[in-house]
Structures are given as structure tokens and as C-alpha cells.
Amino acid sequence: QYKGWIYKLDHATGKSHLINCPQSHLVINETVNKQTCFKCPPTSYSVSPTDNCGKEFCVSRECNQCPLGLKCKGGADREPKDELAGDDWEEVVEDGSLGKTKRLRVRGCWPGFILVRQAGAPDQDGCVKCPANQYSVGNASFEMQTIASQSPSETERGLELCLGCPPGSLCDGGADVRPREDFWRGTDMLCIKDECNTTSGCDPRHCIDVPGNGKRRDSEDDVCAGDKCRRMAMVYRCPPGVCLASNKSLPSTQNSCREGHEGPA
């Protein structure tokens, strides 16, 4: 029970003072008689035993509140609420009510999610899934301020957060984009945001291939410098009689052409 409890002996008084505790506990040492290591309960967490201590000693206090995007099981045990969102968090030293405290702040989210992080509201941090009829196929980043919001209720803001489902497709939320019958989905592209709109999507003539597709252009850095581009799902209408109906059990990029047809329509 007392493993990891660290004391310092006061030779003048002969009393031992608690100075540190195991991870997931808080040091409480305002008096010798009541000093203890307090384990953070479920829905809360602690990164450092001296989180939010005062200048001279550590009073009884609450642990950090669990962020919106995590499940906190007590102590230091936590996991992402949605495993598809990824688990990219960082420890940040911030001001607490009594002193400095280390908090978990979200740093990145996988495709299909927007990143929510606002100064002064660490309990609202998390990755919020794009709702039905919206999508996102790019990674969200706090450092780069891409696909990043300050509120979990704000999922749509022009071409900055979740995107409207492309014409000719169905979107069930997240990164899911499936072509309707008589449409097909091509490879994702980086499109200049100023040349796109939320209703009709993006003209591929104002887009370039995503790095990794094997067709990167030398001019890409110039075209997309300064966050000018956004990764978009590209959905096209099939010429009559060319495409087979989409098979919903297959990935959206595995559309089928009728016999005798191949390549982009």
C-alpha cells in the first residue's frame, strides 16, 4: 500500500514529511498527521504527484478533470474514447488554482476527426468525429493548426473543419465517402481552398496529387504554401454505361468498370 511513498526526515523534530508519491497519486502534506498519497478517482487523472501544489506544501485538492476525448479510469490509467481518432496527446505545464500542474492536451487526430483544443479549457480537449453528411480525409494537427477548432460543437467552418459530402456521394461520418450509383471515387487530391466551395466541391484542375500517390509535382510546395490547400475526396460522374454500381462492402476507391472499360472516366 505504501510502495513509492517517499519521506524526508526532519532531524530537528524527528518527524518524517511526505514529499513524493507514486504516479497517479497526489501528495497531501499540509500536516504531518494527515499526510497521505491520494489516488485520483475515475473521470480524473494526475500526471505528477505535485500537480497544483502550493509554494510551501500540498493541500487536499482535486485531480485534473478527464478531457472530453479520453476515458480516465482512475490514477494514470486512461485511453482514447474512440480508437479510430488516434492517441496523440502531450503533457503541458499550465497554471492550476494553487500552483503549476501538468495536464494532458490533445496534439493530433486521425482522418475523420477534427481536433478541439482551447487555452483555459483542457477538459474540452479531444478528437470529434465528423457527423453524417460531412467528412474529413486529412490528419488534424494542433501545431500546424489544421482541421482544428476551439469548441466541440463547431465541426463545420467553410473548408477548415469537416467538409460537406461531395456531390454524388454518401457520407456516414468520419472519413467515410462512398460514391452513389453512376458515380465513382478517384484518389484524394490536394485542392486550393480558394478555388473550392462547400456546395459543388473542387474542380480537379485546381488540385494536385497527394504526396505518396506517386505523382507528386515539383510545384506542390509553391501551390500549397501557407496552408492554401486541403485534402479532398474526389467523386466524379460516370459516363453512361461505363461504371458498375458501387459495392458498399468494398473500400470506396475500389469502384468497378464494366467489361471493356478501364482507367479514369
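Just so you know, the residues in each chain are numbered from 1, in the order the chain's sequence is written. In keeping with the model being predicted, local features are shown solely for residues with a pLDDT of at least 70 and side-chain atom pairs are shown and tallied solely at 80 or more, while totals for entire chains, interfaces and linings include all residues. To obtain the side-chain values, all non-hydrogen atoms of the structure were included, while hydrogens and water were left out.

Re the confidence of the model for the protein chain
Part 1 of the reasoning: Taken as a whole, the protein chain shows an average pLDDT of 85; of its residues, 87% reach a score of 70 or greater.
Part 2 of the reasoning: pLDDT is a residue-level measure of predictor confidence that goes from 0 to 100. Only DSSP runs of H or I reaching four residues or more are called helices, and only runs of E reaching two or more are called strands; each is numbered from the N terminus. Averaged pLDDT values over the elements of the protein chain bottom out at 66 in helix α1 (residues 220-224) and peak at 97 in strand β11 (residues 113-116).
Part 3 of the reasoning: When checking whether two residues touch, look at their non-hydrogen atoms; a contact exists if any pair is within 4.5 Å. This stretch, residues 214-218, has a pLDDT under 50; its non-local contacts, to residues over four places away or in other chains, come to six contacts.
Part 4 of the reasoning: Here residues 246-254 is a poorly scored stretch, pLDDT under 50, and it has 10 contacts once near neighbours within four places are set aside; other chains count.

Points about the side chain of Ser149
Part 1 of the reasoning: Turning to its location among the elements, Ser149 is positioned in strand β15 (residues 148-149).
Part 2 of the reasoning: With a 1.4 Å probe rolled over the protein chains alone, any residue whose accessible area is under 20% of its type maximum counts as buried; one over 50% counts as exposed, and the rest are partly exposed. Ser149 sits in the buried class, given a relative accessible area of 2%.
Part 3 of the reasoning: In protein, a polar contact means a hydrogen-donor-capable atom and an acceptor-capable atom, both N or O and within 3.5 Å, with residues adjacent in sequence counting only if both atoms are side-chain atoms; elsewhere, any N or O pair within 3.5 Å suffices. One polar contact links the side chain of Ser149 to the main-chain carbonyl oxygen of Ser151, over a distance of 3.0 Å.
Part 4 of the reasoning: Beyond its immediate chain neighbours, meaning those up to four positions away, Ser149 contacts Ile114, Leu115, Val116, Arg117, Glu154 and Leu161.

Brief notes about the sheet that holds strand β12 (residues 126-129)
Part 1 of the reasoning: Taken together, three strands build an open sheet; the order of strands is β12-β11-β15 and the sheet is mixed. If you trace the sheet from one side to the other, it starts and ends with β12 and β15, each paired once. Strands are labelled as partners when DSSP assigns at least two bridges between them.

Brief notes about the state of the cysteines
Part 1 of the reasoning: By definition, disulfides here are pairs of cysteine sulfur atoms that lie within 2.5 Å. Enumeration according to the criterion identifies 10 disulfides in this entry.
Part 2 of the reasoning: The disulfide partner of Cys130 is Cys162, and the S-S distance across this bridge is 2.1 Å. Across the disulfide from Cys130 to Cys162, rotation about the S-S bond amounts to roughly -90°, and the bridge is consequently left-handed. Within this pair, whereas Cys130 is found in the loop between β12 and β13 (134-135), its partner Cys162 is found in the loop between β15 and β16 (163-164), the two being separated by 32 residues in sequence. Across this residue pair, the class does not change: Cys130 and Cys162 are buried.
Part 3 of the reasoning: Across the disulfide, Cys165 is cross-linked to Cys171 (sulfur-sulfur distance 2.1 Å). Between Cys165 and Cys171, the disulfide has an S-S torsion of 85° and is therefore right-handed.

Let's talk about the environment of Val93
Part 1 of the reasoning: You can see Val93 is positioned in strand β9 (residues 88-95).
Part 2 of the reasoning: Its relative accessible area of 52% is what places Val93 among the exposed residues.
Part 3 of the reasoning: Linking Val93 and Arg105, residues 12 residues apart in sequence, is a C-alpha distance of 9.9 Å.
Part 4 of the reasoning: Excluding anything up to four places from it in sequence, Val93 contacts Lys100, Thr101 and Lys102.

Structural notes on the packing of aromatic side chains
Part 1 of the reasoning: Think of it this way: a Phe, Tyr or Trp ring, Trp meaning its six-membered ring, pairs with another when their centres are within 6.5 Å, and the plane angle makes it stacked under 30 degrees, edge-to-face over 60, tilted otherwise. The full count for this structure, using the stated rule, is one aromatic pair.
Part 2 of the reasoning: On the numbers, 4.8 Å between centres and 35° between planes, the contact of Trp184 with Tyr236 is tilted. One end of the pair, Trp184, is in strand β19 (residues 183-185); the other, Tyr236, is in strand β25 (residues 235-237), with 52 residues separating them in the sequence.
Part 3 of the reasoning: The buried category is assigned to Trp184, whose relative accessible area is 16%.
Part 4 of the reasoning: For Tyr236, a relative accessible area of 23% corresponds to the partly exposed category.
Part 5 of the reasoning: Look at NZ for Lys and CZ for Arg. If either is within 6 Å of the ring centre and within 35 degrees of the ring normal, a charge sits over the ring. Over the ring of Phe142 we find Arg117; its NZ or CZ atom is 3.7 Å from the centre of that ring.

Describing the sheet that holds strand β20 (residues 189-192)
Part 1 of the reasoning: Reading across from one edge, β23-β20-β24 is the order of the three strands in this open sheet, with antiparallel pairing throughout. In this open sheet, the two strands that pair with only one neighbour each are β23 (207-209) and β24 (229-232). Averaged over all pairs of adjacent strands, the angle between strand axes in this sheet comes to 35°, irrespective of strand direction. Axis definition: a line fitted to C-alpha atoms, limited for helices to the stretch in contact. Angles are taken between N-to-C directions and run from 0 to 180 degrees.

Notes on the pattern of salt bridges
Part 1 of the reasoning: By convention in these notes, a salt bridge is any Lys or Arg side-chain nitrogen within 4 Å of a carboxyl oxygen on Asp or Glu. This model, assessed by the stated rule, comprises 16 salt bridges.
Part 2 of the reasoning: When the shortest N-O distance is used, the salt bridge between Arg107 and Asp88 registers 2.8 Å. Linking Arg107 in strand β10 (residues 100-109) with Asp88 in strand β9, this pair joins segments that are 19 residues apart in sequence.
Part 3 of the reasoning: Look at the salt bridges and you will find they share partners, linking Glu94, Arg103, Arg105 and Asp125 into a network.

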